Amino acid sequence: MASSSSSGITFKLHPLVIVNISDHYTRLKAQTLHSGESSSCAPPSNGGTAGSALSAPPRVFGCVIGVQRGRTVEIFNSFELLFDSKTHTLDRAFLEKKQELYKKVFPTFYILGWYSTGSDVEEADMLIHRSLMDINENPIYVLLNPAIIHSQKDLPISIYETELHVIDGNPQLIFVKSSYNIETVEAERISVDHVAHLKPSDGGSAATQLAAHLTGIHSAIKMLNSRVRVLHQYLVAMQRGEIPLDNSLLRQVLSLLRRLPAIESEKFQDEFLMEFNDTLLMTYLAMFTNCTGTMNDVVEKFNIAYDRHSRRGGRTAFI
Amino acid sequence: MASSSSSSSSSATALRRWELENQIVGSEEPDRDLIYWYDEAANSRAQQEKPWSTDPHFFKKVKVSALALLKMVVHARSGGSIEVMGLMQGKTLGDTILVMDAFALPVEGTETRVNAQADAYEYMVDYSTTNKQVARPENVVGWYHSHPGYGCWLSGIDVSTQMLNQQFQEPFLAVVIDPTRTVSAGKVDIGAFRTYPQGYKPPDDPVSEYQTIPLNKIEDFGVHCKQYYALDITYFKSSLDSHLLDLLWNKYWVNTLSSSPILASRDYVAGQIFDLADKLEQAENQMASARYGSYMSSSQRKKEPEESQLTKITRDSSKITAEQVHGLMSQVIKDILFNSSRYHQCTADPSGPEPMVEA
């Protein structure tokens with residue numbers, strides 16, 4: 001059902017959305033797993049199987065919001081929705097209510113589409129998709145596969161759009177997969193790094209901070225290196241004739257190489273050196289302050305030690 | 001490849017060491033997600049018993065979920081230099097407050113608005129009812145707000161708000177986030193606090209992490225800093241979260257490499273340096289006057305205040321400089337990586353990637 005999209009729209013996904021969906025799913029799974037054991041909890045009304053069946057964890061549904069500027073769709077945030085499993089529709093009133101609430105806090109975002117969990121697109125999804133079409137004429141569908149497969153290299157998230165295709169003489173809407181990029185603001189990146197990675201949680205000494213900072217950069221460079229190696233090996237294999245020539249790939253590699261060096265103008269050099277000098281100046285100032293502090297300490301101690309000799313003389317402040 | 005196996009083992013040991021240092025909730029799969037289950041019975045029991053009403057220092061730790069942290073930091077940063085606020089939802093577990101989620105409130109917080117929460121009550125009620133329907137039955141367990149650029153502590157207004165909250169809405173927690181310092185330092189600047197009830201003297205002086213406070217706020221800080229205590233913050237995430245975050249790194253490293261903290265925090269750094277200069281002047285005046293004072297009096301004791309003042313200034317300046325140097329290091333590394341053809345003009349090697357691959 002899904003072929004690759006040809007709409008030319010670029011998608012940018014923020015990590016917050018990913019963590020949102022994952023959290024929603026985990027919560028629901030935890031609630032339904034335990035509501036099967038405890039007697040008093042009512043199972044939540046989200047669609048999916050009954051709570052006691054461990055085999056098929058319930059699907060979660062929600063809405064994604066963000067902005068669309070021209071041909072770029074940026075998905076910033078998401079919220080949960082209610083799904084009626086009997087009629088296979090989303091609770092409309094709930095959606096409007098939530099949308100209102102979110103509009104107050106994030107006035108620039110609007111509904112871009114919806115999300116769900118599962119391993120593949122299902123038939124019933126098309127109904128939901130159609131119902132959202134009156135809010136946004138081309139909604140997107142974000143699908144997260146919650147199965148944890150440790151050998152997986154890619155994010156188990158896919159974004160689908162709909163296209164009108166003619167199948168068997170009937171024009172039908174089908175889901176087509178699109179590619180996406182991960183976009184982030186600096187603060188988001190730092191907090192994701194903080195939770196996911198090797199960063200010290202408290203102040204620590206200057207040494208640990210330095211180590212943390214450099215470790216981050218080191219891991220990033222390692223990734224870059226491994227990617228470049230892969231490319232290199234691929235090209236060498238192509239040269240040896242083991243792999244058939246792929247001209248478009250060769251063109252891309254050539255354009256990449258042509259982009260290096262990244263910036264070479266005079267102005268950049270000047271700016272760069274100026275910044276370097278500014279930082280050196282700051283370091284100098286800090287060292288100076290440090291020295292002044294230490295010297296002040298020495299003078300204080302000296303004064304205290306030799307105070308009795310100069311009680312009369314009125315020695316001036318030795319600063 | 002030898003390099004990848006050694007790198008994976010070194011990263012594995014580093015991960016274990018980091019987990020040990022930060023007491024991350026352990027990697028046992030089934031228990032980890034248990035934290036997400038809202039136990040009605042246990043929670044209502046805790047509400048009735050109210051063990052926190054007898055001991056003002058009852059809650060000692062805070063566990064923040066990955067989602068809550070992300071939401072709070074993004075919201076705080078989106079406010080720019082305006083303080084923003086929101087509420088946190090969660091539950092208590094013994095002496096730990098668990099923050100499962102956070103949501104923003106549509107009020108513009110300024111330092112002088114005591115009752116910002118009154119405006120947001122309707123929003124809060126609406127949000128909570130909708131949340132209960134989508135499998136998030138936790139109650140509101142605290143509030144957070146941002147102090148853009150001036151550190152994580154409670155101002156006078158914050159202290160009175162929190163004291164009111166702790167009287168009527170227990171258990172309640174106050175969290176402060178500084179998004180400017182987060183971006184500048186490259187690590188999350190966050191603090192969790194609870195106030196002491198009126199007139200209660202804490203048994204010992206709590207040792208809190210030192211942070212620099214701008215001169216115009218330092219009085220507010222000093223007056224109230226004994227009325228509350230800080231709680232330890234740790235973070236947790238679900239198994240799916242950690243799996244996804246690991247995979248996210250595959251797409252993410254580009255952003256790490258391309259971030260330039262120097263450019264992002266230029267204004268903030270300039271502000272800090274100005275502030276340091278003011279503090280230095282103040283310290284100098286204090287020192288000059290106090291020096292004569294200590295000669296007149298016969299006490300041989302060192303005068304504490306201006307002594308620690310200069311030390312504080314020294315520490316602040318070192319911190320700011322260290323951050324700046326980190327930023328510069330990133331720039332230099334990027335320059336070497338991507339502009340290296342300048343450094344390799346003499347040899348017959350082609351540009352850029354070639355030396356890296358062979359190394």
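What counts, and at which threshold
- Residues numbered from 1 in each chain as written.
- Chains lettered and ligands numbered in written order.
- Predicted model: local features only at pLDDT ≥ 70, side-chain atom pairs only at ≥ 80, totals over all residues.
- Heavy atoms only, no water.
- Helix = DSSP H or I, 4+ residues; strand = E, 2+ residues; numbered from the N terminus.
- Contact = heavy atoms within 4.5 Å.
- Areas by Shrake-Rupley, 256 points an atom, 1.4 Å probe, with all protein chains shown as cover.
- Salt bridge = Lys/Arg side-chain N within 4 Å of Asp/Glu carboxyl O.
- Buried < 20%, exposed > 50% of the residue type's maximum accessible area, 1.4 Å probe, protein only.
- Core = buried A, V, L, I, M, F, W, Y, C linked by side-chain atoms within 4.5 Å.
- Polar contact = N/O pair within 3.5 Å; in protein donor to acceptor, adjacent residues only side chain to side chain.
- Pairing = 2+ DSSP bridges.
- Axes fitted to C-alpha atoms, helices over the stretch in contact; angles between N-to-C directions.
- Parallel < 35°, antiparallel > 145°, perpendicular 65-115°, else oblique.
- Left-handed = near helix turned anticlockwise from the far one by under 90°.
- Expected span 1.5 Å × (residues − 1).
- pLDDT = per-residue confidence, 0-100.
- Nonpolar A, V, L, I, M, F, W, Y, C, P; charged D, E, K, R; others polar.
- Phe/Tyr/Trp six-rings, centres within 6.5 Å; stacked < 30°, edge-to-face > 60°.

Identification of chain B as COP9 signalosome complex subunit 5 from Rhynchospora pubera is taken from an unreviewed UniProt entry.

Labelled according to an unreviewed UniProt entry, chain A appears under the name COP9 signalosome complex subunit 6, originating from Rhynchospora pubera.

J.: Would you explain the overall build of chain B in this entry?
T.: When helices and strands are counted, chain B shows 14 helices and seven strands. Partitioning the contacts of chain B with sequence separation of at least 6, the portion at a separation of at least 24 is 77%. Accessible area of chain B: about 16600 Å², with a carbon and sulfur share of 57%.

J.: Could you clarify how one ought to interpret the overall build of chain A in this entry?
T.: When helices and strands are counted, chain A shows seven helices and ten strands. Contacts in chain A between residues at least 24 apart in sequence constitute 61% of all its contacts with a sequence separation of at least 6.

J.: Could you clarify how one ought to interpret the pattern of salt bridges in this entry?
T.: Any two side chains of opposite charge can pair, on the condition that their charged atoms come close. Per the stated rule, a full pass over the model turns up 13 salt bridges over all chains. A salt bridge links B:Arg181 to B:Asp178; its shortest N-O distance comes to 3.5 Å. The pair B:Arg181 / B:Asp178 is uniform in exposure class, with both members buried. Taken together, the salt bridges that share partners define one network made up of A:Asp23, A:Arg27, A:Glu80 and A:Lys98.

J.: Please clarify how the nonpolar core should be interpreted in this entry.
T.: Soluble globular proteins tend to bury their nonpolar side chains together. Residues B:Val64, B:Met72, B:Leu173, B:Val175 and B:Ile190 are the most contacted members of the largest nonpolar core, which totals 84 residues. Of all the elements, strand β3 (residues 96–109) of chain B adds the most residues to this core, at seven residues. The residues touching B:Ile190, leaving out its near neighbours within four places in the chain, are B:Leu69, B:Met72, B:Cys152, B:Val175, B:Val176, B:Ile177, B:Ile233 and B:Tyr235. In terms of nonpolar packing, the next biggest core, distinct from the first, is built from 43 residues, A:Tyr25, A:Ile159, B:Leu67 and B:Leu70 among them.

J.: Is there a simple way to explain the side chain of A:Thr117 in this structure?
T.: Residues and elements named next belong to chain A. With respect to the helices and strands, the residue Thr117 is situated in strand β6 (residues 110–117). Here the side chain of Thr117 touches Val60 through a polar contact of 3.3 Å, landing on its backbone nitrogen. Apart from the residues within four sequence positions on either side, Thr117 is in contact with Ile21, Tyr25, Pro58, Arg59, Val60, Leu143, Leu144 and Pro146.

J.: I tried to follow the sheet that holds strand β7 (residues 140–144) of chain A on my own but got confused; where do I start?
T.: The strands making up a sheet are joined through hydrogen bonds of the backbone, oriented either antiparallel or parallel. Residues and elements named next belong to chain A. Read from one edge of the open sheet, eight strands run β9-β8-β7-β6-β2-β3-β1-β10, paired in mixed fashion. Looking at which strands have only one partner, the edges of the open sheet turn out to be β9 (170–178) and β10 (180–182). Along the sheet, successive strands turn relative to each other by an average axial angle of 35°, direction set aside. The pairing of strand β8 (residues 157–167) with β9 spans nine bridges and is antiparallel. Pairing of Val166 across the sheet is with Pro171, part of β9. Taken strand by strand, helix α3 (residues 124–132) contacts β2 (61–69), β6, β7, β8 and β9, and its axis lies near 95° from that of β9.

J.: In this structure, what is going on with the pairing of β6(A)? I would like to understand it.
T.: Remember that side chains alternate between the two faces of the sheet whenever the strand is regular. All names here are of chain A. Counting buried residues along β6, seven of its eight residues qualify, which places the element largely inside the surrounding structure. One ladder, built from six bridges, connects β2 with β6; its direction is antiparallel. Note that in β6 the partner of Val64 across the bridge is Gly113. Two strands pair when backbone bridges link them, and β6 and β7 are joined in this way by five bridges, in the parallel orientation. When the bridges of β7 are listed, Trp114 appears paired with Tyr141.

J.: Sorry if this is basic, but what is going on with the packing of helix α5 (residues 206–240) of chain A against helix α6 (residues 247–258) of chain A here?
T.: Relative orientation and spacing of two packed helices are given, respectively, by the angle between their axes and the distance between those axes. Residues and elements named next belong to chain A. Interhelical geometry of α5 versus α6 gives an angle of 130° and a closest axis separation of 12 Å. Considered as vectors, α5 and α6 are oriented oblique to each other. In this structure, α5 meets α6 at a crossing whose hand is left-handed. Seen from α5, the contacting residues are Leu231, Tyr234, Leu235 and Met238; seen from α6, they are Leu249, Leu250 and Val253.

J.: Would you mind going over α5(A) with me for this structure?
T.: An α-helix turns once every 3.6 residues. As a result, residues three or four positions apart point the same way. Between its first and last C-alpha, α5(A) extends 50 Å over 35 residues, near the 51 Å set by a 1.5 Å rise per residue. Two residues or fewer after α5(A) comes A:Gly241, characterised by a positive phi angle close to 90°.

J.: What is the right way to read the environment of A:Ser179 from this model?
T.: Residues and elements named next belong to chain A. Looking at the secondary structure, you find Ser179 in the loop between β9 and β10. Residue Ser179 is classed as exposed on the basis of its relative accessible area of 60%. Sequence separation between Ser179 and Ile21 is 158 residues; the distance between their C-alpha atoms is 19 Å.

J.: What's the story with the confidence of the model for chain A in this structure? I'm lost.
T.: Regions with low pLDDT carry predicted coordinates that are not meant to be interpreted in detail. Residues and elements named next belong to chain A. For chain A, the average pLDDT comes to 77, and 83% of its residues sit at 70 or higher. Across chain A, the secondary-structure element scoring lowest on mean pLDDT is strand β5 (residues 89–90), at 73, and the one scoring highest is helix α7 (residues 266–305), at 88. Low pLDDT, under 50, characterises residues 37–54; the stretch is placed with 23 contacts to residues that sit more than four places away or in other chains.

J.: What is the right way to look at the confidence of the model for chain B in this model?
T.: All names here are of chain B. In this model, chain B carries a mean pLDDT of 73, and residues with pLDDT of at least 70 account for 70%. When mean pLDDT is taken per element in chain B, strand β5 (residues 173–177) scores highest with 90 and helix α14 (residues 353–358) scores lowest with 39. Between residues 1–8, whose pLDDT stays under 50, and residues either more than four places distant or in other chains, the model counts two contacts. Scored below 50 in pLDDT, residues 296–304 makes eight contacts in the model with residues more than four places away or belonging to other chains. Scored as a whole, the predicted complex attains pTM 0.77, and scored at its interfaces, ipTM 0.76.

J.: Where do I start with the packing of helix α4 (residues 186–196) of chain A against helix α10 (residues 239–258) of chain B in this structure?
T.: Where α4(A) contacts α10(B), the two axes come as close as 11 Å, and the packing angle between them is 140°. Classified by the angle between their axes, α4(A) and α10(B) sit oblique to one another. Read as a crossing pair, α4(A) and α10(B) show a hand that is left-handed. Every residue of α10(B) that contacts α4(A) at A:Glu188, A:Arg189, A:Val192, A:Asp193 and A:Ala196 is listed here: B:Leu245, B:Leu248, B:Trp249, B:Tyr252, B:Asn255 and B:Thr256. Residues that form the contact of α4(A) with α10(B) fall into these classes: six nonpolar, two polar and three charged.

J.: Is there a simple way to explain the packing of aromatic side chains in this structure?
T.: Each aromatic ring pair is described using two quantities: the centre-to-centre distance and the angle formed by the ring planes. Per the stated rule, a full pass over the model turns up 17 aromatic pairs over all chains. Each ring, one from A:Phe61 and one from A:Trp114, has its centre 6.3 Å from the other, and the planes form 15°; the classification is stacked. Highlighted residues: A:Phe61 in strand β2 and A:Trp114 in strand β6, separated in sequence by 53 residues. For A:Phe61, a relative accessible area of 3% translates into the label buried. When the ring of B:Trp153 is compared with that of B:Phe221, the centres are 5.5 Å apart and the planes differ by 80°; the resulting orientation is edge-to-face. A residue pair is termed long-range when its members are at least 10 positions apart, and B:Trp153 in the loop between β4 (139–146) and α7 (156–168) and B:Phe221 in helix α9 (residues 218–224) qualify at 68 residues. The class of B:Trp153 is buried, set by a relative accessible area of 1%.

J.: Could you clarify how one ought to interpret the environment of A:Thr162 in this entry?
T.: Residues and elements named next belong to chain A. Within the secondary structure, Thr162 sits in strand β8. Measuring from C-alpha to C-alpha, the distance between Thr162 and Gln172 comes to 9.5 Å, with ten residues separating the pair along the chain. What Thr162 contacts, discounting residues up to four positions off in sequence, is Met126, His129, Met133, Asn138, Leu173, Ile174 and Phe175.

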